[in-house]
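So you can see what is in the structure, the chains are spelled out below.
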Amino acid sequence: MGDFLNLKKGNFLDLSKSLEKIKISLNWDSSNTNEQADLDLSLIIFRNNELVGPQDVMYYNNKGSVNGITKSGDNRQGGNEEDDDEKAIITFSELDSNINKILIVASVFSKIGNDGQIVGKPKTFITVKNAKVSLEDTENNEKLCEYVLTDDFSSATIIEFALLEKKNNNWQFKALGNGYTNDLSRLAEKYYEKIMKI
């Protein structure tokens, strides 16, 4: 795949204006051989800096409600050396014109009981190693950049991995690395109908 940029937290990459379609990939390995870690890739879509509704939160139960974005199914094991564990495809020309930010999120799945509550203790990123997000130009299968988690997120259950942001009609990919101890719904509530500030 040739050379690609290894991003650190806070680094960014300006994407080429000629770039038509990209693949976002989430990969990981389980740190404990006795227990498989299940990471979920989610996308939170912002229109004019705002999250306007639940239809713009894409996750394993909502894979295809946003024009120009498709998300893969739910890989529950990770460590797939032959393919990406979870991925999403973004076609920039098909995005609604008011979409200007796409937040890329990874969370550790915990089993939910019939009462809607987590069964046992919530699983955290201590069960995960080698977690990384990469960006690829799908036209020539060229990896553009990669961001590998290096900070200690052992107590986190969900991480804002990276942000795609449109500035002056040009998209930029920024490595974030913000960890939290809540879930996707609570993270989305933080941004719902509020101006996003990252």
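Residues numbered from 1 in each chain as written. Predicted model: local features only at pLDDT ≥ 70, side-chain atom pairs only at ≥ 80, totals over all residues. Heavy atoms only, no water.

Asks: What exactly am I supposed to notice about the nonpolar core here?
Replies: Residues I102 and F125 are the most contacted members of the largest nonpolar core, which totals 43 residues. Here the element with the most residues in this core is strand β8 (residues 99–108); it accounts for five residues. With residues near it in sequence (within four places) discarded, I102 still touches L43, I44, I45, I69, I90, L95, A162, L163, L164 and W171. Counting 13 residues, the second largest nonpolar core, distinct from the first, contains F46, L103, L163 and A188. (Core = buried A, V, L, I, M, F, W, Y, C linked by side-chain atoms within 4.5 Å. Buried < 20%, exposed > 50% of the residue type's maximum accessible area, 1.4 Å probe, protein only. Helix = DSSP H or I, 4+ residues; strand = E, 2+ residues; numbered from the N terminus. Contact = heavy atoms within 4.5 Å.)

Asks: What exactly am I supposed to notice about the pairing of strand β12 (residues 170–180) here?
Replies: Remember that side chains alternate between the two faces of the sheet whenever the strand is regular. Summarising the sheet, strand β2 (residues 12–14) and β12 pair through three bridges and their orientation is antiparallel. Bridging across to β12, L13 finds its partner in F173. In the sheet, strand β11 (residues 158–167) pairs with β12 via nine bridges, with the strands oriented antiparallel. Within β12, the residue paired with A162 across the bridge is A175. Where β11 hands over to β12, the hairpin turn is made up of two residues, of which N168 adopts a positive phi near 50°. (Pairing = 2+ DSSP bridges.)

Asks: Which parts of the structure should I look at to understand the sheet that holds β11?
Replies: Backbone hydrogen bonds are what pair the strands of a sheet, in a parallel or an antiparallel way. Spatially, the six strands line up as an open sheet ordered β2-β12-β11-β8-β4-β5, and their pairing is antiparallel. Looking at strand neighbours, the two that pair on one side only are β2 and β5 (57–58), the edges of this open sheet.

Asks: Looking at this structure, how should I read the pairing of strand β3 (residues 21–30)?
Replies: In terms of burial, β3 is largely enclosed, as eight of its 10 residues are buried. Note that β3 and strand β9 (residues 128–137) share eight bridges and pair antiparallel. Counted as the bridge partner of S25 is S134 from β9.

Asks: Would you explain the confidence of the model for the protein chain in this entry?
Replies: Fine structural detail should not be taken from predicted coordinates in areas where pLDDT scores are low. With 80% of its residues at a pLDDT of 70 or more, the protein chain has an overall mean of 83. Below a pLDDT of 50 lies the segment residues 78–82, which in the model reaches eight contacts outside its immediate sequence neighbourhood of four places, other chains included. (pLDDT = per-residue confidence, 0-100.)

Asks: Got a minute to help me understand the sheet that holds strand β1 (residues 5–7) in this structure?
Replies: Across the sheet, six strands lie side by side as β1-β10-β9-β3-β7-β6; this open sheet has mixed pairing. Each edge of the open sheet is held by one strand with a lone partner, namely β1 and β6 (69–71). Within the sheet, the average angular offset between the axes of one strand and its neighbour, ignoring direction, is 20°. (Axes fitted to C-alpha atoms, helices over the stretch in contact; angles between N-to-C directions.)

Asks: Can you help me understand the side chain of Q172 in this one?
Replies: Mapped onto the fold, Q172 is located in strand β12. Q172 gets classed as buried once you look at its relative accessible area, which sits at 11%. Reaching out from Q172, the side chain makes a polar contact with the side chain of D14 at a distance of 3.1 Å. Discounting residues that sit within four places of it in the chain, Q172 has contacts with F12, L13, D14, L163, L164, E165 and K167. (Polar contact = N/O pair within 3.5 Å; in protein donor to acceptor, adjacent residues only side chain to side chain.)

Asks: Mind showing me how you'd approach the pattern of salt bridges here?
Replies: Pairing between side chains of opposite charge can happen when their charged atoms approach one another. Taken as a whole and assessed by the stated rule, the structure comprises eight salt bridges. For E86, the salt bridge identified is with K71, shortest N-O distance 3.4 Å. Of this pair, E86 sits in strand β7 (residues 86–91) while K71 sits in strand β6, and the two are 15 residues apart along the sequence. One connected set of salt bridges, linked through shared partners, spans R47, D56 and D96. (Salt bridge = Lys/Arg side-chain N within 4 Å of Asp/Glu carboxyl O.)

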